[in-house]
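# Coordinate analysis (summary)
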Amino acid sequence: MREEAKRSQHRYIIALLGVFAMGFLLLVLFGTKTYLQTVRSQNENNDRRAVLTYVATAVRAYDRAGGVAIGTGPEGAVLLLRDAGSDAAYEHRIYLYRGNLVEEYTASASSLTPESAQALGPTDTFSLEKEGKDLLRVRTDRGETVICLRAGEVG
Amino acid sequence: MMRRGHTAFYLSTLLLLLLFVGVLAVLTGVFSQAQRKSAEARELTTATALARNAAEALSAAHDETELAHILRENDNIQQEEGGICAFYDQAQQPSAEGFYRVHLTYEPQSTPGGTLVRSTITVETEKGTQPLCSLSTAVYIRGGQEP
């Protein structure tokens, strides 16, 4: 009788341990999944803001007559942002290269040097569309941004 | 005496189990809230981008028809009295039955030199009852053409 009671107590303790272990396991799995989702979502938001907001801010900085133009780069369009002045010796270029949006600031006469360009953020697509004379639509796989040029036109 | 000892043991383990279930419930609630907040942050980021794009489109348009033309893609526009509604899916792509609804009011006010257009841009989701974000803007169109 005493042996039987002991055995049932052991079974009870093992069952209890099983419940605890299962609970912890489920909690860890759920917590890990939540953490991964949160971090992924946060990174996507950051990348989107970094890429699109940076491009919009750069265009705003060069918003003057002849300051913004669209050219051709190694993987599609290049956004050309030219310095003030009639000779415009230097320009800021933003374009797609190997899965990243990259930028370089260089002499207007020089050719593109994507190997030494600074990466802004990851994107697989980058397209520039001119609508009318003063609206520029920038599309990436992170979303799109529309920029109305107040002073200049898209060349 | 022995039976009383067993009862105390079972009771204490039962209490421990209840405590454990309580801890699990609290932590699960925290994780669920984290997931919900993350989804809200994502929606807010998209809504802010959509509102900003709509404001830029308003700046570029010379009248309500042109505004609708700029925003129209994949039949995502609905003209309403006093404004325009544009729909976008969760990937921020224009779509006729979109997840995001961007509503722009268009309130032109004639002045001697041109037209002052005031607009309130509101972004909401199909599931939400409250707008995700809202901004008020204005653009001056000189003599029918933007200055």
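Conventions we followed
Residues numbered from 1 in each chain as written. Chains lettered and ligands numbered in written order. Predicted model: local features only at pLDDT ≥ 70, side-chain atom pairs only at ≥ 80, totals over all residues. Helix = DSSP H or I, 4+ residues; strand = E, 2+ residues; numbered from the N terminus. Rg over C-alpha atoms; globule rule 2.2 N^0.38 Å. Core = buried A, V, L, I, M, F, W, Y, C linked by C-beta atoms within 7 Å. Buried ≥ 20, exposed ≤ 12 C-beta atoms within 10 Å, placed from the backbone. Contact = placed C-beta atoms within 7 Å. Expected span 1.5 Å × (residues − 1). Pairing = 2+ DSSP bridges. Axes fitted to C-alpha atoms, helices over the stretch in contact; angles between N-to-C directions.

## Here's the deal with the overall build of chain B
Counting its regular elements, chain B contains two helices and six strands. When the helices and strands of chain B are placed in sequence order, the string is α-α-β-β-β-β-β-β. Since a compact globule built from 147 residues should have a radius of gyration of about 15 Å, the 27 Å found for chain B marks it as more spread out than a globular shape. Considered along the principal axes of its C-alpha atoms, chain B spans approximately 100 × 30 × 20 Å.

## A short note on the nonpolar core
Ranked by size, the top nonpolar core spans 50 residues in total, and within it A:Leu79, A:Leu136, B:Leu50, B:Ala54, B:Ala57, B:Ala86 and B:Val102 carry the most contacts. Apart from residues no more than four positions distant in its own chain, B:Val102 is found in contact with B:Leu50, B:Ala51, B:Ala54, B:Cys85, B:Ala86, B:Tyr88, B:Ile121 and B:Val123.

## Here we look at helix 1 (residues 2-61) of chain A
For helix 1 of chain A, with 60 residues, the first-to-last C-alpha span of 87 Å sits near the 88 Å given by 1.5 Å per residue. Within the sequence span of helix 1 of chain A, burial applies to A:Arg48, A:Val51, A:Leu52, A:Val55 and A:Val59.

## Some points on the sheet that holds strand 5 (residues 118-122) of chain A
Residues and elements named next belong to chain A. Sheet architecture is open: five strands sit in the order 1-2-3-4-5, paired in antiparallel fashion. Edge positions in the sheet fall to strand 1 (68-73) and strand 5, since each of these pairs with one other strand and no more. In this sheet, neighbouring strand axes are inclined to one another by 25° on average, regardless of whether the strands run parallel or antiparallel. Lying on the sheet, helix 1 is in contact with strand 1, strand 2 (76-82), strand 3 (90-97), strand 4 (100-107) and strand 5; it crosses strand 5 at an angle near 130°.

## Remarks on the pairing of strand 8 (residues 143-148) of chain A
Residues and elements named next belong to chain A. Across the six residues of strand 8, five count as buried, placing the element largely inside the fold. Relative to strand 8, strand 7 (residues 135-140) is paired through six bridges, and the arrangement is antiparallel. By the bridge assignment, valine 138 is partnered in strand 8 with threonine 145. The antiparallel pairing of strand 7 with strand 8 creates a hairpin that spans two residues between the two strands.

## With respect to the sheet that holds strand 8 of chain A
Residues and elements named next belong to chain A. Read from one edge to the other, the open sheet built from three strands follows the order 6-7-8, with strand pairing classed as antiparallel. Edge positions in the sheet fall to strand 6 (126-131) and strand 8, since each of these pairs with one other strand and no more. Taking each pair of neighbouring strands and ignoring which way they run, the sheet shows an average axis angle of 15°. This element, helix 1, spans strand 7 and strand 8 of the sheet and lies at about 15° to strand 8.

## Some points on the pairing of strand 3 (residues 100-105) of chain B
Residue and element names in this part refer to chain B. In this structure, strand 2 (residues 83-88) lies alongside strand 3, joined through six bridges in antiparallel fashion. Within the sheet, the bridge partner assigned to cysteine 85 lies in strand 3 and is histidine 103. As judged from the five bridges shared by strand 3 and strand 5 (residues 114-125), these two strands associate in the antiparallel manner. Bridging from a neighbouring strand, valine 102 pairs with valine 123 of strand 5.

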